[in-house]
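# Secondary and tertiary structure notes
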Amino acid sequence: FFSRFLWGTMGNLICGEMKMGQEFGRHPHTVKSMVVDKERRKLYTGTTDGVLSAWDLDHENPRNGASLFSQPKEDKSSVSAMLLLPDGTVASGHENGKIFLWDPKARAVRYTLPGHKKAINGLAFYPVTQSLFSSSRDGTVRRWGLKPRKGQSSPESKIFVAKGMSPLAVQGLAILEDKLFYVPHHKDDAEEYHIQRLTIGDDGPKLSKQADAKPKAEAKGKAEKEDSDNDDTDTEGEKGGSDVEQKEATSPEDVKVEEEADEGPMLLSGHKGLPTLLVVAAGKLYSGSDDMTIKVWNADGKEACRPFRGVRKQVLSLDVSDKKLCAASADMSVREWDLESGAPTNVFIHNELIGSLIVHDKKMYVACDGGWVRVVNLAKKTNADDVAASRM
């Protein structure tokens, strides 16, 4: 079995064959999502039949190093999102709207998190409050505790965003520092598309102070004016002083300053197509879009560098490692760029649609529609024949 491989530097591509190495056990269904536990040297995969598998990255034969997780039959539903929590717990979101927290040692569900009504399309962890955030095609974003309260069987959730989440996002949720980013709903004829940024508060998103500042200032100014009108003993100079105080309280400049100092809601603009993928890596937010570009953002909402271009269809998955950006798109290719220069360095062409990819330890793990996870050694780049790949 062969998959075409294109290799080149500074845009000069050389076409060759990427030979497959040893073939390992195949997933019976399409792999939809993957996460890697770098500390414990495990790769976790989730498939369309709802099954999670754990793969030992150090095992000589990954087929023998794989183990299946035991999911309740009544809750079997396609995996649509996965996330590794700091303590090693694996979180999986499913098409039926449920989220499972897995004990990786027991390979069993620790907690079931019901609440969403449609498929999960995003999971993110906020370390400050040890909270799990989830987004769904039901248009909502929920915030979960990781442990149930006394007398309860599962953790509780609060609605963080009540509506407006785009149902079309592949991975529509990400957290960078204390900012939550999600893809809002857009009209079909939108000329420009946005990413919504919210600051995470203790009980919910921090809203802009402008909404509260102006009414309070106007109320204060009105009260002061009424007091001034009712005071017959005021001199003309004193009334002038009152007018100054009123002007200071309602000054648009003051409200503007307060708004600029606030870290409330913000729209990240620039994409000409719907953003369908949000990923946080190396301290930046990466957004893939239907406009066939990948933009890079800082937590303050400003673009960190020029967009990465070259994909020919929708971006489905991406990862960053070793100063390289790798992205899989619906054109059945994986493209690689140098993060510093933005120059394309490699293009991998597959004969199957790619659902997920991870770059770890100079290897690229690519999940394909056929149920295979291909492992590409990125360290060998002298020519096409030296780039070996195996299957998991």
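Criteria and thresholds
Residues numbered from 1 in each chain as written. Predicted model: local features only at pLDDT ≥ 70, side-chain atom pairs only at ≥ 80, totals over all residues. Heavy atoms only, no water. Helix = DSSP H or I, 4+ residues; strand = E, 2+ residues; numbered from the N terminus. Buried < 20%, exposed > 50% of the residue type's maximum accessible area, 1.4 Å probe, protein only. Contact = heavy atoms within 4.5 Å. Patch = residues over 30% accessible without salt bridge, like charges linked within 9 Å, V, L, I, M, F, W, Y side chains within 5 Å. Areas by Shrake-Rupley, 256 points an atom, 1.4 Å probe, with all protein chains shown as cover. Salt bridge = Lys/Arg side-chain N within 4 Å of Asp/Glu carboxyl O. Lys, Arg positive; Asp, Glu negative; His and termini not counted. Charge placed at Lys NZ, Arg CZ, Asp CG, Glu CD. Pairing = 2+ DSSP bridges. pLDDT = per-residue confidence, 0-100. Polar contact = N/O pair within 3.5 Å; in protein donor to acceptor, adjacent residues only side chain to side chain. Phe/Tyr/Trp six-rings, centres within 6.5 Å; stacked < 30°, edge-to-face > 60°. Axes fitted to C-alpha atoms, helices over the stretch in contact; angles between N-to-C directions.

Attention now moves to the overall build of the chain. Counting its regular elements, the chain contains three helices and 31 strands. Relative to its full complement of 392 residues, the chain shows a buried share of 50%. For the chain, the share of sequence-separated contacts (at least 6 apart) that also reach a separation of at least 24 residues comes to 45%.

Below, the discussion takes up a negative patch on the surface. Side chains of D188, D189, E191 and E192 sit close together on the surface and give a patch of like negative charge. Inspection of the secondary structure puts D188 in the loop between β16 (179-182) and β17 (193-200).

Most of strand β7 (residues 79-84) sits inside the fold, with five of its six residues counted as buried. Two strands pair when backbone bridges link them, and β7 and strand β8 (residues 90-94) are joined in this way by five bridges, in the antiparallel orientation. When the bridges of β8 are listed, L83 appears paired with A91. The turn joining β7 and β8, which pair antiparallel and follow one another in sequence, is formed by five residues; a positive phi near 95° is taken by G88.

The four strands lie next to each other as β20-β21-β22-β23, forming an open sheet whose pairing is antiparallel. Each of the sheet's edge strands pairs with one partner strand only, and the pair in question is β20 (275-281) and β23 (308-309). In this sheet, strand β21 (residues 284-289) lies alongside β20 in antiparallel orientation, the contact comprising six bridges. Residue pairing in the sheet places V280 in a bridge with L285 of β21.

Glancing now at the confidence of the model for the chain. With 72% of its residues at a pLDDT of at least 70, the chain reaches an overall mean of 77. The low-confidence segment residues 1-25 (pLDDT under 50) makes 80 contacts with residues lying over four places distant or belonging to another chain. Scored below 50 in pLDDT, residues 382-391 shows 38 contacts in the model against residues more than four places distant or in partner chains.

Right, let's get into the side chain of D37. Structurally, the position occupied by D37 is in strand β3 (residues 31-37). A polar contact is formed between the side chain of D37 and the side chain of R40, at a distance of 2.9 Å. Among all residues touching D37, those that are not within four sequence positions of it are K42, Y44, L84 and G88.

A few words now on the packing of aromatic side chains. On inspection of all chains with the given rule, the structure shows six aromatic pairs. On the numbers, 5.3 Å between centres and 65° between planes, the contact of F69 with W102 is edge-to-face. Linking F69 in the loop between β6 (66-68) and β7 with W102 in strand β9 (residues 99-103), this pair joins segments that are 33 residues apart in sequence. One exposure class covers both F69 and W102, and it is buried. Site record: aromatic cluster; members linked through ring pairs are Y44, F69, F100 and W102.

Right, let's get into the environment of V35. Secondary-structure assignment places V35 in strand β3. If near-sequence neighbours (up to four positions away) are discounted, V35 is found in contact with K42, L43, Y44, M82, L83, L84 and I358.

Let us now look at the sheet that holds strand β13 (residues 141-145). Sheets are built from strands paired through backbone hydrogen bonds, the pairs being either parallel or antiparallel. In spatial order, the strands read β11-β12-β13-β14; together these four strands make up an open sheet with antiparallel pairing. Single-partner strands in this sheet number two, and they are β11 (120-126) and β14 (157-161). Each neighbouring strand pair of the sheet contributes to a mean axis angle of 25°, computed without reference to strand direction. As defined by bridge partners, β11 adjoins strand β12 (residues 131-136) across six bridges and the pair is classed as antiparallel. Across the sheet, L123 pairs through a bridge with S134, a residue of β12.

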